[in-house]
Amino acid sequence: MGCGRVGSTLANSLEDRNHTVSIIDSEPDAFRRLGPAFNGDKVAGIGFDQQVMEKAGIRRADAFAAVSSGDNSNIIAARVARETFGIQQVVARIYDPGRAEVYQRLGITTVATVKWTADQVLRRILPAGAEPDFRDPSGTIRVDHITVPEIWIGSRTIDLQVQSRSRIAWIDRLGEGMLPVRETVLQEGDMLHLVIREENAAHTYERLENGPEEN
(Lines give C-alpha, C1' and ligand atoms only; values in the text may rest on other atoms or scores of the structure.)
Protein backbone atom coordinates (compact mmCIF):
# COMPACT_ATOMS: atom_id res chain seq x y z
CA MET A 1 0.00 0.00 0.00
CA GLY A 2 1.40 3.34 -1.11
CA CYS A 3 3.00 4.13 -4.45
CA GLY A 4 5.25 6.97 -3.41
CA ARG A 5 9.02 6.85 -3.72
CA VAL A 6 9.34 4.06 -1.15
CA GLY A 7 6.40 2.00 -2.39
CA SER A 8 7.33 2.19 -6.06
CA THR A 9 10.96 1.34 -5.33
CA LEU A 10 9.89 -1.59 -3.15
CA ALA A 11 7.46 -2.89 -5.79
CA ASN A 12 10.06 -2.78 -8.55
CA SER A 13 12.69 -4.36 -6.31
CA LEU A 14 10.35 -7.26 -5.52
CA GLU A 15 9.57 -7.75 -9.20
CA ASP A 16 13.27 -7.77 -9.98
CA ARG A 17 13.49 -10.70 -7.55
CA ASN A 18 10.74 -12.54 -9.46
CA HIS A 19 7.94 -11.90 -6.96
CA THR A 20 4.38 -11.12 -8.00
CA VAL A 21 3.33 -7.70 -6.70
CA SER A 22 0.09 -5.77 -6.35
CA ILE A 23 0.22 -2.11 -5.33
CA ILE A 24 -2.57 0.06 -3.94
CA ASP A 25 -2.76 3.85 -3.95
CA SER A 26 -5.61 6.32 -3.58
CA GLU A 27 -4.19 8.45 -6.39
CA PRO A 28 -4.08 6.69 -9.79
CA ASP A 29 -1.44 9.15 -11.04
CA ALA A 30 0.96 7.74 -8.44
CA PHE A 31 1.34 4.56 -10.48
CA ARG A 32 3.44 6.47 -13.03
CA ARG A 33 6.33 6.13 -10.60
CA LEU A 34 6.42 2.40 -11.32
CA GLY A 35 7.58 2.86 -14.90
CA PRO A 36 6.46 1.00 -18.01
CA ALA A 37 8.26 -2.24 -17.11
CA PHE A 38 6.11 -2.94 -14.03
CA ASN A 39 3.94 -6.02 -14.61
CA GLY A 40 2.02 -6.22 -11.34
CA ASP A 41 -1.54 -5.18 -10.53
CA LYS A 42 -2.23 -1.50 -9.84
CA VAL A 43 -5.33 -0.94 -7.72
CA ALA A 44 -6.72 2.53 -7.07
CA GLY A 45 -8.48 2.89 -3.74
CA ILE A 46 -8.14 3.27 0.02
CA GLY A 47 -5.44 0.87 1.12
CA PHE A 48 -7.11 -0.29 4.32
CA ASP A 49 -10.51 -0.93 2.69
CA GLN A 50 -11.10 -4.67 2.78
CA GLN A 51 -12.72 -4.78 -0.66
CA VAL A 52 -9.77 -2.89 -2.16
CA MET A 53 -7.37 -5.29 -0.46
CA GLU A 54 -9.27 -8.27 -1.83
CA LYS A 55 -9.20 -6.77 -5.31
CA ALA A 56 -5.43 -6.49 -4.97
CA GLY A 57 -5.22 -10.19 -4.07
CA ILE A 58 -4.64 -10.04 -0.31
CA ARG A 59 -6.04 -13.58 0.14
CA ARG A 60 -3.21 -14.95 -2.01
CA ALA A 61 -0.51 -12.76 -0.49
CA ASP A 62 2.49 -13.96 1.50
CA ALA A 63 3.31 -10.49 2.82
CA PHE A 64 1.95 -6.95 3.08
CA ALA A 65 3.79 -3.63 3.36
CA ALA A 66 2.03 -0.39 4.31
CA VAL A 67 4.30 2.42 3.16
CA SER A 68 2.01 5.36 2.44
CA SER A 69 2.76 8.81 3.85
CA GLY A 70 0.21 8.51 6.69
CA ASP A 71 0.92 6.78 10.00
CA ASN A 72 -2.77 6.16 10.72
CA SER A 73 -3.47 4.68 7.29
CA ASN A 74 -0.41 2.46 7.48
CA ILE A 75 -1.19 1.08 10.91
CA ILE A 76 -4.88 0.47 10.11
CA ALA A 77 -3.98 -1.30 6.87
CA ALA A 78 -1.31 -3.38 8.63
CA ARG A 79 -3.75 -4.46 11.32
CA VAL A 80 -6.44 -5.37 8.77
CA ALA A 81 -3.91 -7.42 6.78
CA ARG A 82 -2.77 -9.24 9.89
CA GLU A 83 -5.97 -9.59 11.93
CA THR A 84 -8.60 -9.92 9.19
CA PHE A 85 -6.71 -11.70 6.44
CA GLY A 86 -4.16 -13.57 8.54
CA ILE A 87 -1.04 -12.26 6.81
CA GLN A 88 1.93 -13.00 9.08
CA GLN A 89 4.59 -10.99 7.26
CA VAL A 90 3.36 -7.41 7.75
CA VAL A 91 5.46 -4.25 7.83
CA ALA A 92 4.24 -0.70 8.48
CA ARG A 93 6.14 2.51 7.84
CA ILE A 94 5.67 4.82 10.84
CA TYR A 95 7.06 8.34 11.24
CA ASP A 96 6.35 8.64 14.97
CA PRO A 97 8.96 6.49 16.76
CA GLY A 98 6.89 6.34 19.97
CA ARG A 99 3.92 4.85 18.15
CA ALA A 100 6.21 2.52 16.23
CA GLU A 101 7.42 0.98 19.48
CA VAL A 102 3.83 0.40 20.63
CA TYR A 103 2.84 -1.42 17.45
CA GLN A 104 6.11 -3.35 17.46
CA ARG A 105 5.05 -4.82 20.79
CA LEU A 106 1.71 -5.77 19.24
CA GLY A 107 3.55 -7.93 16.74
CA ILE A 108 3.50 -5.58 13.74
CA THR A 109 6.97 -4.95 12.36
CA THR A 110 7.45 -1.21 11.99
CA VAL A 111 10.00 0.96 10.24
CA ALA A 112 10.17 4.24 12.17
CA THR A 113 11.42 6.52 9.40
CA VAL A 114 12.50 9.47 11.53
CA LYS A 115 14.32 7.37 14.13
CA TRP A 116 15.95 5.20 11.46
CA THR A 117 17.23 8.24 9.60
CA ALA A 118 18.49 9.88 12.79
CA ASP A 119 20.25 6.67 13.83
CA GLN A 120 21.93 6.37 10.42
CA VAL A 121 23.23 9.94 10.68
CA LEU A 122 24.41 9.38 14.25
CA ARG A 123 26.44 6.35 13.23
CA ARG A 124 28.25 8.39 10.62
CA ILE A 125 29.08 11.47 12.69
CA LEU A 126 29.97 9.87 16.03
CA PRO A 127 33.38 8.28 16.65
CA ALA A 128 33.75 4.66 15.60
CA GLY A 129 32.12 2.34 18.10
CA ALA A 130 30.05 5.02 19.82
CA GLU A 131 26.80 3.74 18.31
CA PRO A 132 26.31 0.24 16.84
CA ASP A 133 24.42 -0.51 13.65
CA PHE A 134 22.30 -3.03 15.54
CA ARG A 135 21.75 -3.93 19.17
CA ASP A 136 19.65 -6.89 20.32
CA PRO A 137 16.61 -6.10 22.52
CA SER A 138 18.43 -7.16 25.69
CA GLY A 139 21.29 -4.75 24.98
CA THR A 140 23.82 -7.58 25.26
CA ILE A 141 24.89 -8.07 21.65
CA ARG A 142 25.70 -5.43 19.05
CA VAL A 143 26.66 -5.50 15.38
CA ASP A 144 29.10 -2.89 14.09
CA HIS A 145 30.13 -2.25 10.47
CA ILE A 146 33.69 -0.96 10.12
CA THR A 147 36.29 -0.70 7.38
CA VAL A 148 39.30 -2.82 8.28
CA PRO A 149 41.92 -0.58 9.96
CA GLU A 150 45.12 -0.21 7.94
CA ILE A 151 47.13 -1.67 10.80
CA TRP A 152 45.21 -4.98 10.48
CA ILE A 153 45.61 -5.41 6.72
CA GLY A 154 47.44 -8.68 6.03
CA SER A 155 46.38 -10.26 9.32
CA ARG A 156 44.22 -13.36 9.57
CA THR A 157 40.60 -12.93 10.52
CA ILE A 158 40.97 -15.49 13.30
CA ASP A 159 43.67 -13.34 14.95
CA LEU A 160 41.46 -10.23 14.82
CA GLN A 161 38.54 -12.13 16.31
CA VAL A 162 40.48 -13.70 19.14
CA GLN A 163 42.41 -10.57 20.08
CA SER A 164 39.47 -8.17 19.79
CA ARG A 165 36.94 -10.50 21.46
CA SER A 166 34.57 -10.15 18.51
CA ARG A 167 33.23 -12.32 15.69
CA ILE A 168 33.24 -11.40 12.01
CA ALA A 169 29.77 -12.31 10.76
CA TRP A 170 30.74 -11.54 7.16
CA ILE A 171 33.01 -9.35 5.06
CA ASP A 172 32.03 -7.10 2.17
CA ARG A 173 34.93 -7.34 -0.30
CA LEU A 174 34.93 -5.72 -3.73
CA GLY A 175 31.15 -5.45 -3.72
CA GLU A 176 30.47 -9.05 -2.68
CA GLY A 177 29.75 -10.64 0.68
CA MET A 178 31.95 -13.45 1.92
CA LEU A 179 32.05 -15.66 5.01
CA PRO A 180 35.57 -15.75 6.43
CA VAL A 181 37.31 -18.99 7.33
CA ARG A 182 40.17 -19.45 9.76
CA GLU A 183 42.87 -18.64 7.19
CA THR A 184 41.14 -15.68 5.50
CA VAL A 185 43.50 -12.71 5.32
CA LEU A 186 42.19 -9.16 5.71
CA GLN A 187 42.57 -6.94 2.66
CA GLU A 188 42.49 -3.20 2.10
CA GLY A 189 38.93 -1.92 1.76
CA ASP A 190 37.29 -4.89 3.52
CA MET A 191 34.09 -3.93 5.34
CA LEU A 192 33.82 -6.01 8.49
CA HIS A 193 30.49 -6.81 10.12
CA LEU A 194 31.48 -7.45 13.72
CA VAL A 195 29.34 -9.13 16.36
CA ILE A 196 30.41 -7.89 19.79
CA ARG A 197 29.22 -8.31 23.34
CA GLU A 198 28.45 -4.83 24.66
CA GLU A 199 30.74 -5.39 27.65
CA ASN A 200 33.66 -6.04 25.27
CA ALA A 201 33.08 -3.10 22.90
CA ALA A 202 35.68 -0.79 24.47
CA HIS A 203 38.32 -3.53 24.33
CA THR A 204 37.38 -4.38 20.73
CA TYR A 205 37.89 -0.83 19.48
CA GLU A 206 41.07 -0.39 21.50
CA ARG A 207 42.52 -3.52 19.90
CA LEU A 208 41.37 -2.47 16.42
CA GLU A 209 43.11 0.88 16.86
CA ASN A 210 46.32 -0.52 18.34
CA GLY A 211 46.71 -3.38 15.88
CA PRO A 212 47.52 -7.06 16.37
CA GLU A 213 49.57 -8.26 19.30
CA GLU A 214 52.71 -10.18 18.47
CA ASN A 215 52.43 -13.91 19.05
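Nothing here was measured: the structure is a model prediction, and the numbers come from that model. Residue numbers run consecutively from 1 along every chain, following the written order of its sequence. Under the rules for a predicted model, residues below a pLDDT of 70 receive no local features and side-chain atom pairs below 80 are neither given nor counted, while totals for whole chains, interfaces and linings still include all residues. Neither water nor hydrogens contribute to the side-chain values; these are computed over all heavy atoms in the structure.

To continue, consider the environment of Asn 18. Its place among the elements puts Asn 18 in the loop between α1 (5-16) and β1 (22-25). Between the C-alpha atoms of Asn 18 and Gly 57, which are 39 residues apart in sequence, the distance is 17 Å. Counting from the N terminus, the helices are DSSP H or I runs at least four residues long and the strands are E runs at least two residues long.

We now examine the pattern of salt bridges. Only one rule defines a salt bridge in this text: a Lys or Arg side-chain nitrogen within 4 Å of an Asp or Glu carboxyl oxygen. The tally for this structure, following the rule as stated, stands at ten salt bridges. Between Arg 59 and Glu 54 there is a salt bridge, with its nearest N and O atoms 3.1 Å apart. Relative accessibility decides the category of a residue: with a 1.4 Å probe and only protein chains considered, values under 20% of the type maximum give buried, values over 50% give exposed, and everything between is partly exposed. Glu 54 gets classed as partly exposed once you look at its relative accessible area, which sits at 38%. Across the pair Arg 207 and Glu 213 runs a salt bridge whose closest N-O atoms are separated by 3.1 Å. We classify Arg 207 as buried; its relative accessible area is 14%. Each of Arg 135, Arg 142, Asp 144 and Glu 198 takes part in a single network of salt bridges with overlapping partners.

Once that is clear, we can look at helix α6 (residues 157-164). Most of α6 sits inside the fold, with six of its eight residues counted as buried. Every buried residue of α6 is listed here: Thr 157, Ile 158, Leu 160, Gln 161, Gln 163 and Ser 164. Throughout, a residue-residue contact means that at least one pair of heavy atoms, one from each residue, lies within 4.5 Å. Against the buried residues of α6 lie β8 (166-173), β10 (191-197) and α7 (201-210). Within two residues after α6, Arg 165 carries a phi angle of roughly 55°, on the positive side.

What follows covers the sheet that holds strand β7 (residues 141-147). Backbone-to-backbone hydrogen bonds join strands into a sheet, with any given pair of strands oriented parallel or antiparallel. The strand order across the open sheet formed by five strands is β6-β7-β10-β8-β9, and the pairing between neighbours is antiparallel. Among the strands making up the open sheet, the edge pair consists of β6 (134-135) and β9 (176-178). Docked against the sheet, α6 engages β8 and β10, running at close to 140° with respect to β8. Axis definition: a line fitted to C-alpha atoms, over the contacting stretch in the case of helices. Angles run 0 to 180 degrees between N-to-C directions. Contacts between α7 and the sheet are confined to β7, β8 and β10, with β10 contributing the most and set at about 145° to the helix. Strands were regarded as paired on the criterion that DSSP finds at least two bridges between them.

Bridging between strand β3 (residues 63-66) and strand β4 (residues 89-94) involves four bridges; their strand directions are parallel. Across the sheet, residue Phe 64 finds its bridge partner in β4, namely Val 90. Crossover β3 to β4 through helix α3 (residues 71-84) is right-handed. Where β4 and strand β5 (residues 109-112) come together, four bridges link them in parallel fashion. Bridge pairing links Ala 92 to Thr 110 in β5. Viewed with both strands pointing away, a crossover whose connecting path from the first strand over the helix to the second turns clockwise is right-handed.

Glancing now at the nonpolar core. Buried Ala, Val, Leu, Ile, Met, Phe, Trp, Tyr and Cys residues that are joined via side-chain atoms within 4.5 Å together make up what is termed a nonpolar core. In this structure, Met 53, Ile 58, Phe 64, Ala 81, Ile 87 and Val 90 are the most contacted members of the largest nonpolar core, which totals 19 residues. A per-element tally of this core places α3 first, with five residues. In this structure, Ile 58 is in contact with Met 53, Phe 64, Ala 81, Phe 85 and Ile 87, ignoring residues within four places of it in sequence. Core analysis: the next-biggest nonpolar cluster, separate from the first, contains 13 residues, Trp 152, Leu 160, Ile 168 and Tyr 205 among them.

Further remarks concern the pairing of β5. Only one face of β5 is buried: it carries Thr 110 and Ala 112, and the other face, with Thr 109 and Val 111, is open. You can see the chain leave β4, run along helix α4 (residues 97-105) and come back into β5, and the turn it takes is right-handed.

Another point: the packing of α6 against α7. For the pair α6 and α7, interaxial distance at closest approach is 8 Å and the crossing angle is 135°. When the axes of α6 and α7 are compared, the pair comes out oblique. Residue-level inspection shows Leu 160, Gln 163 and Ser 164 of α6 in contact with α7, the latter providing His 203, Thr 204, Arg 207 and Leu 208. Throughout this entry, Asp, Glu, Lys and Arg are counted as charged residues, while Ala, Val, Leu, Ile, Met, Phe, Trp, Tyr, Cys and Pro are counted as nonpolar. The remaining residues, Gly among them, count as polar. By residue class, the composition of the contact of α6 with α7 is two nonpolar, four polar and one charged. When describing relative orientation, an angle under 35 degrees is termed roughly parallel and one over 145 degrees roughly antiparallel, while 65 to 115 degrees is termed roughly perpendicular and anything else oblique.

Note that Arg 93 resides in strand β4. The sign given to each residue is positive for Lys and Arg and negative for Asp and Glu; His and the chain ends receive no count. Buried and unpaired, Arg 93 has no salt bridge, with Asp 71 as the nearest side chain of opposite charge at 7.3 Å.

End to end, α3 covers 19 Å across 14 residues, agreeing with the expected 20 Å (1.5 Å per residue, within 8%). Within the span of α3, buried status applies to Asp 71, Asn 74, Ile 75, Ala 77, Ala 78, Val 80 and Ala 81. In this scheme, a helix's expected span is set at 1.5 Å multiplied by one less than its residue total.

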